[in-house]
Structure formats: C-alpha cells, structure tokens
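Listed below, chain by chain, are the residues.
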Amino acid sequence: MTEPLLDIRGLSKSFGALRATDDVSLTLLPGEIHALIGPNGAGKSTLIQQIAGGLAPDAGRVMVNGRDVTDLGTADRAKCGLGRTFQISALAMENTVLQNAMLGAVGATRSVWRFLKPVMQDTHLCAEAKAAIERVGLQDVAHARVGTLSHGQRRLLEVAVALTLNPKLFLMDEPMAGLGAEGTARMTSFLNDLRREAPILLVEHDMDAVFTLADRISVLVAGKVIATGTPDEIRSNPDVRTAYLGDEVPL
Ligand SMILES: Nc1ncnc2c1ncn2[C@@H]1O[C@H](COP(=O)(O)OP(=O)(O)OP(=O)(O)O)[C@@H](O)[C@H]1O
C-alpha cells in the first residue's frame, strides 16, 4: 500500500466551548491533490495551522513522511519537507522577485533583511531561486520589485518561495483568492503539474478549481470531516448537499 506523505490522526482544537476541529483524520498520498472544503467557519484554517505547526492541537498527531512532527515548530516541520503558502502575503514588497525567492531559500524572514547582501552573493542559492522563479513563469520579472507585480504574479511568487525549500508536500491556503479568470487558469495549470512532484493539501473556496484539480475532496462541517471521496462521490453525497444547502456553492 502507498504510504501517505501526510497522515493526520484525530486532530482536535477548541477555542473555549467551540470545537473548531473535532477529531479530524485525513491523509495526503504521493501524486495527489486532496482538497479540503467547507462552509465559512468550518475549521479549515484552524486545521491547516495545526498541520503547519502554528497552532498546538488539544489532541491528535501529525505525521509527515512517516515522522511524528506534532511536537515540532513550523521551521522544523518545514525541514521535514512541509511546504506552505499563506492566505495573507508574506512577501517583502520593496524587494525584488529574485531577492524574495532567495530569502525564501534560506528560510529567512523580514527580520534578517540586513543579511541580504551576503545571501545574494551565494551562487547556489541564487541558482535555486532562479529555477523556482522560472518554474512559476516569473523569469521576465525576476528583477522587478514585488510591489509592482499583479496580484496573480505575487501568488505565483509565493509558490516559488515555497518551492525553493524543496518541499515533499504542500499545504496551500486559498491560492486562487483574488485571482481573475486568467490568473486562476494559470495557477490551476501550475498546480496540476506540481502534484506529481509534491502532493498538495488544498484549501480553496473556488469550487470550479477544486472540482477540476482534486483527486480527493474532504468536506469539513463544524469541525468534523463529514465525507471524503472523489469529486463525483462528493458531488452526489446527500450529507454534503445538505451541508451546502442555501450556500451558493455549485456542487
Ligand atoms: N484564535 C481563535 N480564537 C477563537 N475562535 C477562533 C479562533 N480561530 C478561529 N476561531 C473560530 O473557530 C471556527 C473555525 O474557524 P476557521 O477560521 O478555522 O474556519 P474556516 O473554515 O477556515 O473559515 P473561512 O472559510 O471563513 O476561512 C470559527 O468559528 C472561528 O470563529
């Protein structure tokens, strides 16, 4: 049997009396896009944060590539191969595309921008960063400041920054958010190819993109996974249809 690259078991997290995630288990297999959908407030972001290491679960375990990472912080989880893009941009607007990708490659944050010069002279890092920029198709704007890029280009750069760490799997929180039709099509095509290299756990509100891309979909409602299956299985699942009743989600 194929071993999952990500295996989460019984993750629970409460905020006071509210159970934001309630005994959630799911896997991410090599080569797949597993989408996590659910109405607003269902617990998707809370779950992603627990997997990435930004939020400690009350109960449950997170296994990455066979290793229990539950007690590790975000940086150590990244070293285990967990790549991540964020709902809110973590890019430095005043710096160039290449500079952002290079600092991504050293796992740097804004607080170490003063080390930019020595980092920029590292030819190996520079080659890695340029390769990642090319992968997402931003080579023509490599020396442009991020502040001058379109929203869609910034989203692609976020993926490039994550790629520089050579992740074994990706967590992506709403990569299509704010993209127009053209940007969504470009990102969809990119993620479609990326899954072969690193599977993706995808939180996304764009249902067209989800149903086009996902090999499996899990539906989270009030902190619980109510169904996991192929897009066809999810589309025809009566519990899922009930959960979305009145919502404009075109299942
Ligand atoms: N830090 C927090 N403190 C208290 N309650 C929180 C906190 N974070 C999230 N919640 C609550 O937990 C529930 C799940 O929120 P979460 O953001 O995980 O849902 P979501 O599915 O990501 O929603 P959306 O699709 O709107 O982003 C919500 O009721 C939210 O108000």
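Up top you'll find the structure we're talking about.
Just so we're clear, the structure is a prediction, and the values are computed from it rather than from any experiment.

How would you summarise the sheet that holds strand β4 (residues 59–64) if you had to cite specific residues and measurements?
Strands sit in the order β2-β1-β4-β5 across an open sheet of 4 strands; the sheet is antiparallel. Each end of this open sheet is capped by a strand with a single partner; those strands are β2 (18–28) and β5 (67–68). Taken together, the 5 bridges between strand β1 (residues 6–15) and β4 define a ladder with antiparallel strand orientation. Within the sheet, the bridge partner assigned to R9 lies in β4 and is R61.

Lay out the nonpolar core with the relevant residues and their values.
Among soluble globular proteins, nonpolar side chains are generally buried collectively. The biggest cluster of nonpolar side chains holds 36 residues, and the ones touching the most others in it are L157, L191 and L194. Elements that contribute at least two residues to this core include exactly α3 (97–105), α5 (123–135), α6 (151–163), β7 (169–173), α7 (181–197), β8 (200–203) and α8 (207–213). No other element matches α6, which puts 7 residues into this core. For this core, the domains that each give at least three residues are domain 1 (1–81 + 167–250) and domain 2 (92–163). Contact partners of L157, with chain neighbours within four places excluded, come to L91, V97, N100, L138, V146 and L149. Among the nonpolar cores identified, the runner-up in size contains 23 residues, and L26, L47, I48 and V64 belong to it.

Which residues make up the pattern of salt bridges, and what values go with them?
Taken as a whole, this structure holds 12 salt bridges when the rule is applied. Among the ionic pairs, K224 bridges to D22, the shortest N-O distance being 3.3 Å. Taken as a pair, K224 in strand β10 (residues 224–229) and D22 in strand β2 lie far apart in primary sequence, 202 residues in all. The buried category is assigned to D22, whose relative accessible area is 15%. R195 is paired through a salt bridge with D215; the nearest N and O atoms lie 2.9 Å apart. Of this pair, R195 sits in helix α7 while D215 sits in the loop between α8 and β9 (216–221); the two residues are 20 residues apart in sequence, bridging distant segments of the chain. Among the residues examined, D215 registers a relative accessible area of 33% and is labelled partly exposed. A single network of salt bridges, built from pairs that share partners, joins R19, D22 and K224.

How each quantity is defined
Residues numbered from 1 in each chain as written. Predicted model: local features only at pLDDT ≥ 70, side-chain atom pairs only at ≥ 80, totals over all residues. Heavy atoms only, no water. Pairing = 2+ DSSP bridges. Helix = DSSP H or I, 4+ residues; strand = E, 2+ residues; numbered from the N terminus. Core = buried A, V, L, I, M, F, W, Y, C linked by side-chain atoms within 4.5 Å. Buried < 20%, exposed > 50% of the residue type's maximum accessible area, 1.4 Å probe, protein only. Domains from an automatic or database assignment. Contact = heavy atoms within 4.5 Å. Salt bridge = Lys/Arg side-chain N within 4 Å of Asp/Glu carboxyl O.

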